[in-house]
Amino acid sequence: MALVFQERYSCRRRFHGPKPRTFEPPNLRTFPFFLTFAIQFFNIPGQMNIVSIIQQGVVQGAAHLYQLEISAEDFPLSTTRKEFEGDYTLVVFPFTKHVKKSPEAIAQELGAYLVEQVASIKAFNVIKGFLNLVVDDAYWQAFLQDIYHNPQYGTQAPNGRKVMVEYCSPNTNKPLHLGHIRNILLGWSVSKIYEAAGYDVVRVQIINDRGIAICKSMLAWQKFGEGATPESSGIKSDHFVGDYYVLFEKKFQEEYKTWQQSPEAVALFEEKKKAEQSAEEYFKAYKDQYFNLYSTLGKQARELLLAWEANDPATIELWKKMNGWVYAGFDSTFDKLGVRFDKLYYESNTYLLGRETVDQGLNSGVFYRLEDGSVWIDLEDAKLDKKLVLRKDGTSVYITQDIGTAQVRYQDFGAEKMIYVVADEQNYHFQVLFEIMKRLGEPYAGGLYHLSYGMVDLPSGKMKSREGTVVDADDLIDEVVNEAWENSKERGTLADLSPEAQQEVIRKIGVAALKFFIVKVHPKKRMIFDPKESVDLQGQTGPYVQNAIVRCNSMLNKAGNPDLSAASDYHTLETAEKDIIAQLYQFPEIIKQAAEGYDPSMVAMYSYELAKAFHRFWHDYRILQAETEAAKAFRIQLSMAVRNVLRMGLDLLGIETPERM
RNA sequence: GGCGCUGUAGCUCAAUUGGAUAGAGCACCUGACUACGGAUCAGGAGGUUUAAGGUUCGACUCCUUACAGCGUCACCA
C-alpha cells in the first residue's frame, strides 16, 4: 500500500523556471495589442490617446527629418520623472544608430518638429539624450471632462474571452492560515483585475477533502470526541475539526513515545542506527515508518481510509458530517474576506480523473510504460526530468489528477486561460503539468499559468505549524479589526453612529489594512508579515487610501449638487492639478500591466501614489472655497475623478471603503 | 549534488521591463494646522543595489563566476 502520512502542504499548490513569457506565447502577444486598442477607442471618447499621438508624431518626424522608417516599438516613451519639466520623455539614443548626429541635436530637431506639428504638445526641453515633452493644459482639461463622471473609467469593454482562476484550495482537516490569506487575496485580486481588463472570469478552487489527513480528524473525534459538536462546544466549526486533527497528533506522539521504550524499538534502533545518531534523532526520522508499520492509531486511521474508499456508509456519513463543519467554517472566513467562488471542485470527485488520458497518451507515444507496469513521461529535453504519471498498480498520482481536472474544467467552462494560484513550493509540479498538457496537444495548454507566490514569514522566523507558530486566518482578521477599533475610539469621530454602523465601518478599515499590507508586495517575493506593523494605520496602508476617498465624500456631500459648467473656463492648471490628471490618465495602463503581469501590487502602489498626490493637493489648495467659480468647479471634477479611480483601484484589491471613518 | 527563486536605507517594500541624480513607507530628528475637509501636510538624515568581472551611449535590471538565504528534485498531496 502506497500511503504516506506527511502533510507538508497545508494548502494546494508557485513559479519560476523559464521566464513567464515562454509559458504562453500566443496570448501574451495579442494581449497588449488588444488593450492598446481598447484604451484608444473605448475609454477616452472624443480624443485620442496622448501616447499614441506622440508616437505617431515621432514616427512621422523620423520619416520627415531623417527618412527613417520606424514603428512605435522601436523607441522608448516614458513618463517624465518629476524632477524634470515635462510630461513624457522620449529617449533618443536609439536614433543615433541610424542618424549621424549627436543625441542632443536629434532631440532638438525632433522636439521642434513635434511642437510645430502636434497640437497637444506645447513645449519641449532637452537634457542629454532625453527629449522632454510638455503636453498642453487643454489636453488634460479635456481629458478630465471626459472621465470625471464615469465610475467605470479604467475598465475595458468585454472582450468575450474567458479566464479561470483557481485559488485558495485548502485541505479540510484544519482551518485557514496566513498562507491561505495571501493566496486568497492574490487570487481574488487577479480575478478582479482580469474582469476590469474585459475578461469573463470564473473563480474556482479544488478542495482536498479526502485522504489520510481528514481520516485522522475523524478517528480522533470518534475515539475522544464523546459526541461533541461545534454547536455544543461553541467553537467555530472548522477550528473544531482542526482541534481533533491536533489531538490526533498529540495522542499519536504519546503512543510513539511509549513504543520507543519497548524492547522491539530498542532492538531496532541498535541495529539500524547510523554512527553518532542519538535515539531522539533516529526516531524523529522514523516517524512515518512507525505510523505505517507499528502504530495502532495509524492502523485505525488507514482502516478508515480503506472504508471510505470502499464506500462504507457509516464512514461516508462521518466524513460528510465533519467536512460539512469545515465548509461552514470556511464560508464564514470567505465572507469576512469578501471573496467567493463560482464552482468548487472536490478531490473526492476528481482523484480518479486523468487515467484515460494517460491511456490515450500511451498510444500516441507521449507516455511510456516500464516492465513493472508504471507509466512515465520523459521531459529531459525540457530540462524537467522523467516523471511518473501512473503507479505500477495502475493508480494515479497527484499530477494525473491535475491532468484530468484541467480537461474537465475546459469542458465545463472553455476558458482559454487558466491561472493556478499556488505557493511557490510547487513550481516544479506546475512546470511539469503544463509541459505535459502541451505535449498532449490540449488547445488551452498555452494559456495555463501558475501564479506562484512566496511564503509569508513572521518577524520571529519561518512560519511552521509544527512549532505552533502558525497564524490562524480568523485570529489575524480579528486582531487587525480590533486594532482599528482602538484607533477609532481614540479619535472619537464615529461616536454619533449606531454601534452596528460603527462596527461595519471599523470592519472595513481593519480588513483594508490587512489586505493592502499583503497585496502591496509583489507576489513572487517572500514577504514578512508583521502583525504589529500591519495594524499601524499610517503610511503605505489601506486606511490611508480609504481616507482620501472619505475626504472626497465629505467634501462632495457638502457641495451638494453644484453647477460644474464653469469648469471649462479654468485654463491655467496648477502643477499639482496637472500631476493628478496625468496620474489618472495612467490608470487603464496600470490595469493592463497588472493583468499582463498577474501582479496586484501594481494597482496597490498606484492607488497609494494617487491618494498621496490628492492628500497633498487637499492640504495645499482650497476646493469649495477656491478663488474663482471656474477653479471650484474644476477641482470638484478633479476630486470626483480621483474618488472614482481610488474606489475602483481598491475594489480591484478586494477592499471596500466606508462612507466615513 | 542537479534545477530554480531571492539578495536594494536600521526595518518593510519600489524602481515605467536596459534610461536621467536608485525612490516610498515605518522608525528617528525638525517644522505646519485652535483643527476647517485632521487616520493630514512639509523638510532633514539615512545607499559601494551581497562581491568580482563582462556586454554598451547607459546596468538594480542582461551574461559569467563566487557568497548567503530559501524552495524543489516521492510510485505524497
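Here, the structure is the one placed above.
Bear in mind that the values here come from a model prediction, so they are computed numbers and not experimental data.

**Some words on helix α12 (residues 296-309)**
Relative to the 20 Å expected for 14 residues at 1.5 Å per residue, α12 spans 20 Å between its end C-alpha atoms, a close match to the ideal helical length. Buried within α12 we find L297, G298, A301, R302, L304, L305, A307 and W308. Turning to α12, the residues buried within the fold contact α6 (212-224), α8 (237-260), α11 (287-293), α13 (313-337) and α14 (347-350). Two or three places before L297, at the opening of α12, S295 has a side-chain oxygen 3.2 Å from that residue's backbone nitrogen. Phi turns positive one or two residues past the end of α12, at N311, with a value near 65°.

**Focus on the nonpolar core**
Membership of the largest hydrophobic core comes to 169 residues, with the highest contact counts inside it found for F95, Y167, Y194, I419, I580 and L584. At 13 residues, the largest contribution of residues to this core is made by helix α24 (residues 629-652). For Y167, the contacting residues outside a window of four places in its chain are N183, I184, G187, W188, R203, V204, Q205, V339, R340, F341 and V421. In this structure, V375, L390, L433 and M437 belong to the second largest nonpolar core, which totals 33 residues.

**Comments concerning the sheet that holds strand β1 (residues 77-79)**
A sheet is described by the order of its strands in space; here 4 strands give the open sequence β1-β2-β4-β3, paired in antiparallel fashion. The two strands at the open ends of the sheet, each matched to only one other strand, are β1 and β3 (121-127). The mean inter-strand angle of the sheet, taken between neighbouring strand axes irrespective of direction, is 25°. Both β3 and strand β4 (residues 130-135) contribute to a ladder of 6 bridges, which runs antiparallel. In the strand pairing of β4, N125 is matched with N132. Most of the contacts of helix α3 (residues 103-117) go to β3, to which it runs at about 175°, and overall it touches β2 (88-91), β3 and β4.

**Topic: a negative patch on the surface**
Among the surface-exposed residues, D475, D478, E479, E483, E533 and D536 lie close enough to one another that they form a single negatively charged patch. In terms of residue count, helix α18 (residues 473-491) provides more of the negative patch than any other element does, 4 residues in total. Its location among the elements puts D536 in the loop between α20 (531-534) and α21 (542-559). Overall, the relative accessible area of 37% leaves D536 in the partly exposed class.

Conventions adopted
- As a convention, each chain's residues are numbered from 1 in the sequence order in which they are written.
- Here every chain gets a letter starting at A, and every ligand a number starting at 1, in the order they are written.
- Given that this is a predicted model, residues contribute local features only at a pLDDT of at least 70 and side-chain atom pairs are listed and counted only at 80 or more, while totals for whole chains, interfaces and linings are drawn from all residues.
- Heavy atoms from the whole structure form the basis of all side-chain values; hydrogens and water molecules are not counted.
- Secondary structure elements are defined from DSSP: runs of H or I of at least 4 residues count as helices, runs of E of at least 2 residues count as strands, and each element is numbered from the N terminus.
- One fewer than the residue count of a helix, multiplied by 1.5 Å, yields its expected span.
- Exposure classes here rest on a 1.4 Å probe applied to the protein chains alone. A residue is buried below 20% of its type maximum, exposed above 50%, and partly exposed in between.
- Residue contacts are defined here by distance: any two heavy atoms, one from each residue, within 4.5 Å place the two residues in contact.
- For this analysis, a polar contact is any N or O atom pair within 3.5 Å, provided that within protein one partner can donate a hydrogen and the other can accept it, and provided that sequence-adjacent residues contribute only side-chain to side-chain pairs.
- Note on terminology: a nonpolar core comprises buried Ala, Val, Leu, Ile, Met, Phe, Trp, Tyr and Cys residues joined through side-chain atoms within 4.5 Å.
- Here, a strand pair is defined by DSSP locating no fewer than two bridges between the strands.
- The axes are straight lines fitted to the C-alpha atoms, using for helices just the contacting stretch, and the angles between their N-to-C directions are given from 0 to 180°.
- Only residues whose relative accessible area exceeds 30% and that take part in no salt bridge are eligible for patches, with like-charged residues grouped when within 9 Å of each other and nonpolar side chains (Val, Leu, Ile, Met, Phe, Trp, Tyr) grouped when within 5 Å.
- Accessible surface area values rest on a Shrake-Rupley calculation with a 1.4 Å probe, where residue burial reflects the displayed protein chains alone.
- Throughout this description, the term salt bridge denotes a Lys or Arg side-chain nitrogen within 4 Å of a carboxyl oxygen of Asp or Glu.
- Positive charges come from Lys and Arg alone, negative charges from Asp and Glu alone, with His and the N- and C-terminal ends not counted.
- By convention, the point assigned to a charge is CZ for Arg, NZ for Lys, CD for Glu and CG for Asp.

In short, geometric facts, not functional conclusions.
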